[in-house]
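Read off the chains here:
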Amino acid sequence: MFAKRRKGRVYVYYYSEGLRKALPRRQTYHLDNATDDEIERFLTATTALQKARKHRPDARQVPPELEPLIEQFLTHLRDNLDRQPPTLRQYEGYLSRAGLLFGWPLDKWPLKSPNFPQLCRAMGYPRAAMFKMRQNILVFWYWLRDLGYVTGDLRIPKLKVSNKTTPLKHLLSPDDILGLPLKGDLRYLALLCYFCSLRPQEAVALTPTDFAAGSNVSGLECVRVFKNAGLYHKLAVRVERQRHDSKPRSPKADSIGWVACFDARAAKEIVRLAQTVTLAHRMDTYQRRWFRQGLGFTLKDLRRASLYWLGHHSKLSVVELKNHARHSSLETTSLYVRRPDSDADRGLDLDA
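Residues numbered from 1 in each chain as written. Predicted model: local features only at pLDDT ≥ 70, side-chain atom pairs only at ≥ 80, totals over all residues. Heavy atoms only, no water.

Undergrad: Residue-level account of a positive patch on the surface, with values.
TA: Together, Arg41, Arg121, Arg127 and Lys160 make up a positively charged patch on the protein surface. Structurally, the position occupied by Arg127 is in helix α6 (residues 127-146). (Patch = residues over 30% accessible without salt bridge, like charges linked within 9 Å, V, L, I, M, F, W, Y side chains within 5 Å. Areas by Shrake-Rupley, 256 points an atom, 1.4 Å probe, with all protein chains shown as cover. Salt bridge = Lys/Arg side-chain N within 4 Å of Asp/Glu carboxyl O. Lys, Arg positive; Asp, Glu negative; His and termini not counted. Charge placed at Lys NZ, Arg CZ, Asp CG, Glu CD. Helix = DSSP H or I, 4+ residues; strand = E, 2+ residues; numbered from the N terminus.)

As structure tokens, then:
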């Protein structure tokens, strides 16, 4: 059985010795936002696999020969490409499923890969999981080829991607954020994520030495852009790391740089809080604490709402907004400034 919780999160339950228990989220997160039919197909396939394992103890999701290669690949991602734990867990999960789909030896993969969509559907994987799994498998394959484990290309059919909509659920103005009933480190995070448009993992990695203010920032490009657009332009922060746990790491590709704060009221609070508040917890701790506030939006939504507000209520060009957001493409920026979906009673009665 399964249940859908807030934000589309899916939890799968089973009974053991008369008690209901939940499968670990790492085994079911790919079902988030899937349809009921997709979830049921996954549960049916998983149940069949578990029954097979009872009759065949040697049946495993990951072929034993594949496990050390996956471990070596994850080590490469962590040590050489500085990938973060959430990314590593994603790769590990999807490559484990690839082992179930394609099996061993590796030279079988090019023979089975053209049937990737059918194999995934038979296992009940939703389209979003299939799309991400395809990307992860290809990165893994070409890493294997670079090291001489395999030869040739791996051809996996492209998947049709549904039209993207803005991930923003709520429009939030600067006054909305300044009026939030938050104190201490949570208020500090809220101000940074909204008024500097930072990703939460970037905000928690900041230290007071990352800020510059007053005349010291006049030569920065981000400050000149804000000044020309009629925005506040006397506080900037240097983004050069992010943090999920206790160890700071490099931020996302092309994300290093100076970012300006666009509101004078927020700037004064940020300066005060930067001198009195320490962001010492893990990212997941802040996410849980934020969720308990019951505000109806996430820390990441603050960045989205910030970019939406700047895109619609400031004189920044789309290129200047892209640079402020530190996006790699204008396509991503355009997604952030789309209006959230809404609905109304339909009809042609003008007096209704």
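Alright, that's what it looks like, and here's the rest.
Undergrad: Which residues make up the sheet that holds strand β5 (residues 235-239), and what are the values?
TA: An order of β4-β5-β6 is seen for the three strands of this open sheet, with the pairing classed as antiparallel. Strands with a single pairing partner mark the edges of an open sheet, and in this sheet they are β4 (211-213) and β6 (257-260). In this sheet, neighbouring strand axes are inclined to one another by 25° on average, regardless of whether the strands run parallel or antiparallel. (Pairing = 2+ DSSP bridges. Axes fitted to C-alpha atoms, helices over the stretch in contact; angles between N-to-C directions.)

Undergrad: Summarise the pattern of salt bridges; cite the residues concerned and give the values.
TA: Overall, the coordinates contain 17 salt bridges when judged by the stated rule. Residue Asp301 is joined to Arg304 by a salt bridge in which the shortest nitrogen-to-oxygen separation is 2.8 Å. Note that Asp301 and Arg304 are positioned in helix α13 (residues 299-313) at a spacing of three residues, about one turn of the helix. The residues Asp301 and Arg304 share a single accessibility class, namely buried. One salt-bridge network, in which partners are shared between bridges, spans Asp210, Arg238, Glu240 and Arg241. (Buried < 20%, exposed > 50% of the residue type's maximum accessible area, 1.4 Å probe, protein only.)

Undergrad: Explain the pairing of β5 to me, and be specific about the residues and the numbers.
TA: Most of β5 is tucked away, with four of its five residues classed as buried. Sheet topology places β4 next to β5; three bridges connect them, and they run antiparallel. Across the sheet, residue Ala213 finds its bridge partner in β5, namely Leu235. Examined bridge by bridge, β5 and β6 share four bridges and lie antiparallel to one another. Residue pairing in the sheet places Ala236 in a bridge with Ala260 of β6.

Undergrad: Could you give an account of unusual backbone geometry, naming the residues involved and the relevant values?
TA: The step from Trp104 to Pro105 runs through a cis peptide bond, and the omega angle for that step is 10°. One can find Pro105 in the loop between α3 (85-102) and α4 (109-112). With a phi angle near 55°, Ser197 is a residue other than glycine that sits in the positive phi range. Mapping Ser197 onto the fold places it in the loop between α8 (184-195) and α9 (200-203). By relative accessible area, which is 0% here, Ser197 ends up buried. For Arg326, which is not glycine, the phi torsion reads 60° and is therefore positive. Within the secondary structure, Arg326 sits in the loop between α14 (318-325) and α15 (330-336).

Undergrad: Account for the confidence of the model for the protein chain, with residues named and values stated.
TA: Here the protein chain shows a mean pLDDT of 85. Residues at 70 or above account for 87%. Low confidence marks residues 52-60, where pLDDT is under 50. Its contacts with residues over four positions away, or in another chain, come to four contacts. (pLDDT = per-residue confidence, 0-100. Contact = heavy atoms within 4.5 Å.)

Undergrad: Describe the packing of aromatic side chains, and please don't skip the residues or the numbers.
TA: In this structure the tally under the stated criterion is 14 aromatic pairs. Every member of this aromatic cluster is reached through a ring pair, and the members are Phe73, Tyr91, Phe102, Trp109, Phe116, Phe140, Trp141, Trp143 and Tyr149. (Phe/Tyr/Trp six-rings, centres within 6.5 Å; stacked < 30°, edge-to-face > 60°.)

Undergrad: Now, about the side chain of Asp263: what can you tell me, with residues and values included?
TA: One can find Asp263 in the loop between β6 and α11 (264-276). A residue is classified by how much of its surface remains accessible, and Asp263, at 10% relative accessible area, is buried. Among the polar contacts made by the side chain of Asp263, one reaches the main-chain amide nitrogen of Arg265 at a distance of 2.9 Å. With sequence-adjacent residues up to four places away left out, Asp263 is seen in contact with Pro174, Leu178, Phe195 and Tyr232. (Polar contact = N/O pair within 3.5 Å; in protein donor to acceptor, adjacent residues only side chain to side chain.)

Undergrad: Can you lay out the packing of helix α2 (residues 67-79) against α6 for me, pointing to particular residues and giving the numbers?
TA: Where α2 contacts α6, the two axes come as close as 11 Å, and the packing angle between them is 95°. If you check the angle between α2 and α6, you find them roughly perpendicular. Of the residues in α6, those in contact with Leu69, Ile70, Gln72, Phe73 and His76 of α2 are Val139, Phe140, Trp143 and Leu144. (Parallel < 35°, antiparallel > 145°, perpendicular 65-115°, else oblique.)

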